[in-house]
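So the chains spell out like this:
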Amino acid sequence: QLQLVESGGGLVQPGGSLRISCAGSGFTWDHYAIGWFRQAPGKEREEVSCIVSSGARVIYADSVKGRFTISRDNAENSVYLQMSSLKPEDTAVYYCAAVLGCYPGAKADYWGQGTQVTVSS
């Protein structure tokens, strides 16, 4: 019954934009920070962004700062990642996770299945 489900991935041209979504159910949504992570083949998982439970504070990896925007709608149990100025190196499977705080090494209790984002011409 507990779920995190990502959606919105796809193929986009370099320089383009895409919004991916994370919807949660079956847990106390507004007690959790939500992180976005990505993993490309042969590379380690990278935290891209995180938003605290209230939405008041956000963090971004240096690699995406200024290009990606995270937001959440607690009434809809949803978190969004708006991605713009996309680069081929942004290609990865993107995962959301329910995290115990937006801090390095914070424990992720729940993970989604991921959505593929491919940036290619």
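Higher on the page you've got the structure.
## As for the overall build of the protein
Stage number 1. Each helix and strand counted, the protein has 0 helices and 11 strands in total.
Stage number 2. Taking 121 residues into account, the globule formula puts the C-alpha radius of gyration at 14 Å, and the protein, at 13 Å, falls close to it.
Stage number 3. Overall size of the protein, expressed as C-alpha extent along the three principal axes, is 40 × 30 × 25 Å.
Stage number 4. The 121 residues of the protein split such that 40% are buried.
Stage number 5. The long-range fraction of contacts in the protein, counting pairs at least 24 apart against all pairs at least 6 apart in sequence, stands at 54%.

## A look at the nonpolar core
Stage number 1. In terms of nonpolar packing, the biggest core is built from 27 residues, with Ile34, Trp36, Phe68, Val79, Leu81, Met83 and Tyr94 touching the most fellow members.
Stage number 2. Within the residue set of this core, elements represented by two or more residues are strand S3 (18-25), strand S4 (33-39), strand S5 (46-51), strand S7 (68-73), strand S8 (78-83), strand S9 (92-99) and strand S11 (115-119).
Stage number 3. With 4 residues, the top contributor of residues to this core is S9.

## Comments concerning the state of the cysteines
Stage number 1. Within the structure shown, the criterion is met by 2 disulfides.
Stage number 2. Across the disulfide, Cys22 is cross-linked to Cys96 (sulfur-sulfur distance 2.1 Å). Handedness of the Cys22-Cys96 disulfide follows from its S-S torsion of about 75°: it is right-handed. One end of the pair, Cys22, is in strand S3; the other, Cys96, is in strand S9, with 74 residues separating them in the sequence.
Stage number 3. For Cys50, the disulfide goes to Cys102, at an S-S distance of 2.1 Å.

What counts as what
Residues numbered from 1 in each chain as written. Predicted model: local features only at pLDDT ≥ 70, side-chain atom pairs only at ≥ 80, totals over all residues. Heavy atoms only, no water. Helix = DSSP H or I, 4+ residues; strand = E, 2+ residues; numbered from the N terminus. Rg over C-alpha atoms; globule rule 2.2 N^0.38 Å. Buried < 20%, exposed > 50% of the residue type's maximum accessible area, 1.4 Å probe, protein only. Contact = heavy atoms within 4.5 Å. Core = buried A, V, L, I, M, F, W, Y, C linked by side-chain atoms within 4.5 Å. Disulfide = S-S within 2.5 Å.

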